[in-house]
Structure formats: structure tokens, C-alpha cells
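# Chains, contacts and geometry: an overview
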Amino acid sequence: MTAIAMVAAAPGAKAAELAVSSPAFADNTPIPVEFSCHGGNVPPPLRWEGVPDGAESLALVVDDPDAPSGLYTHWVVTGIPPSTTEIVDGGLPDGAQVSLNSTGNANYLGPCPPAGTGVHHYRFQLYALSKPLVLAPTTPVRQATDAISGAAIAAATTVGLFGG
């Protein structure tokens, strides 16, 4: 089990109250090509609600558990103010910071599964954190997800599909 998967099952996680969605695709439906490596390679718009009282910051992790070599992280964002309710046009709110993804770059990497690997499930995971957390752009994925896991008080996920 990955560090991020443990957060959803952690005591005190209130996924039912926190909700995340995208106006670009419904949960468990295809992600439009424009948000993939075959399109603009920009993050889809995301919206959320139900941030619990006491949340000091938010974090966002996008990953692909179906990657042939194991869990592949496409985007890690920390330092999102808890008053923020959406991300549109790839723009992050003041104070937010992108850390390294699985390619070793501090940016969004859209869905891009290898040909012939079937449909992949891209998890857009939003975490409400008990403390302010802004990680450096050089923070490795595992260190970032461990820090997010350690501070999470609630989590919500929406899943987009994309075929390889």
C-alpha cells in the first residue's frame, strides 16, 4: 500500500465531507484529450467543497495506479490555501507549489499511458491538511506523499479514465 493510499483509510479521514470533481469529466469517465500528453498537457479544471474546519492547507496529488511499472505520480501540489475552491486553466493560487512528479519534473504531466496497456485510472486526490504544508519544487514524490499523508485530516478523490 502506498503512503497516499493509507491516507484515505487513516483514522479521522473524512472523505464523505470533502468532495472533488472536474467540470471537464465526470467521475470514472474519460478525460478529454486536451488534458493529456496528446493534447495541451495542461491540468483539467478541478473544483471542491466541504473543506473541514481546521484545515490549514490543501494538497493535490494526481497519480496512475495502472502504470506498467507501478504507481506513477503525475502531479503534486502543496500550499493550496484552504479557502480555495477550484483550479482553472492550470493556474495555481498564490502560495501553492508544485513538487517533483515521477519523471523528476516539477510540473503537471497529463495522462500518457503506453500503447497497448488498456484504460488507466487517473486519481485526482485532494487532501485537507492539519498544518500549512508547502514543499520545495525539488521534493521527491515519496517524500512529498509521506508529508501529505502525515498531515491529512480529510481526503477526496475523483477518477478520470484514459486509454493507452
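Throughout, a residue's number is its position along its own chain's written sequence, starting from 1. Local features in a predicted model are, by the rule used here, given only for residues with pLDDT of at least 70; side-chain atom pairs are given and counted only at 80 or more, and totals for whole chains, interfaces and linings are based on all residues. Side-chain measures were taken over the full set of non-hydrogen atoms in the model, leaving aside hydrogen atoms and water.

The line we're drawing: UniProt positions are given in the numbering used here, feature names are shortened, and annotations may be inferred rather than shown by experiment.
The name given to the chain in an unreviewed UniProt entry is YbhB/YbcL family Raf kinase inhibitor-like protein, with Mycobacterium pinniadriaticum as the source organism. In the Sequence similarities (unreviewed entry) part of its UniProt record, the chain is described as follows: "Belongs to the UPF0098 family."

## A word on the state of the cysteines
Inclusion rule: By disulfide we mean two sulfur atoms from cysteines, separated by a distance within 2.5 Å. Strands here mean DSSP runs of E at least two residues long; helices mean DSSP runs of H or I at least four residues long; both are numbered from the N terminus. Note on exposure labels: buried denotes an accessible area under 20% of the residue type's maximum, exposed denotes more than 50%, and partly exposed covers the range between, all computed with a 1.4 Å probe on protein chains only.
Following the criterion strictly, the structure yields 1 disulfide and no others. Two residues, Cys37 and Cys112, share a disulfide whose sulfurs are 2.0 Å apart. Looking along the S-S bond of the Cys37-Cys112 disulfide, the torsion reads about 75°, which is the right-handed sense. You can see Cys37 sitting in the loop between strand 2 (29-30) and strand 3 (46-49) and its partner Cys112 sitting in the loop between strand 7 (97-99) and strand 8 (119-129), a full 75 residues away along the chain. Overall, Cys112 belongs to the partly exposed group, its relative accessible area being 37%.

## Details of the pairing of strand 4 (residues 57-64)
Operational definition: Two strands qualify as a pair provided that DSSP identifies no fewer than 2 bridges between them.
Among the 8 residues in strand 4, 8 count as buried, and that is most of the element. Burial along strand 4 is two-sided: the face carrying Ser57, Ala59, Val61 and Asp63 and the face carrying Leu58, Leu60, Val62 and Asp64 are both buried. Note that strand 4 and strand 8 share 7 bridges and pair antiparallel. Across the sheet, residue Ser57 finds its bridge partner in strand 8, namely Leu129. As judged from the 6 bridges shared by strand 4 and strand 5 (residues 72-80), these two strands associate in the antiparallel manner. When the bridges of strand 5 are listed, Val61 appears paired with Val76.

## Description of the nonpolar core
Most often, soluble globular proteins keep nonpolar side chains buried together rather than apart. Here is the rule: Nonpolar cores were defined as sets of buried Ala, Val, Leu, Ile, Met, Phe, Trp, Tyr and Cys residues, with membership established by side-chain atoms within 4.5 Å.
Core analysis: the biggest nonpolar cluster contains 25 residues, and Ile31, Trp48, Leu60, Trp75, Val77, Ile80 and Phe124 have the highest contact counts within it. Elements represented by at least two residues in this core include exactly strand 3, strand 4, strand 5, strand 8 and strand 9 (152-163). No other element matches the 4 residues that strand 8 contributes to this core. Counting 11 residues, the second-largest nonpolar core is a separate cluster that includes Ala59, Val76, Leu133 and Ala151.

## Describing the pattern of salt bridges
Rule in force here: Salt-bridge detection follows one rule: a side-chain nitrogen of Lys or Arg within 4 Å of a carboxyl oxygen of Asp or Glu.
Taken as a whole, this structure holds 3 salt bridges when the rule is applied. For Arg142, the salt bridge is made with Asp146, and the minimal N-O distance between the two is 3.2 Å. On the criterion of helical spacing, the pair formed by Arg142 and Asp146 is a turn pair, its members being 4 residues apart in helix 2 (residues 141-151). Taking the relative accessible area as the measure of exposure, Arg142 reaches 55% and is therefore exposed.

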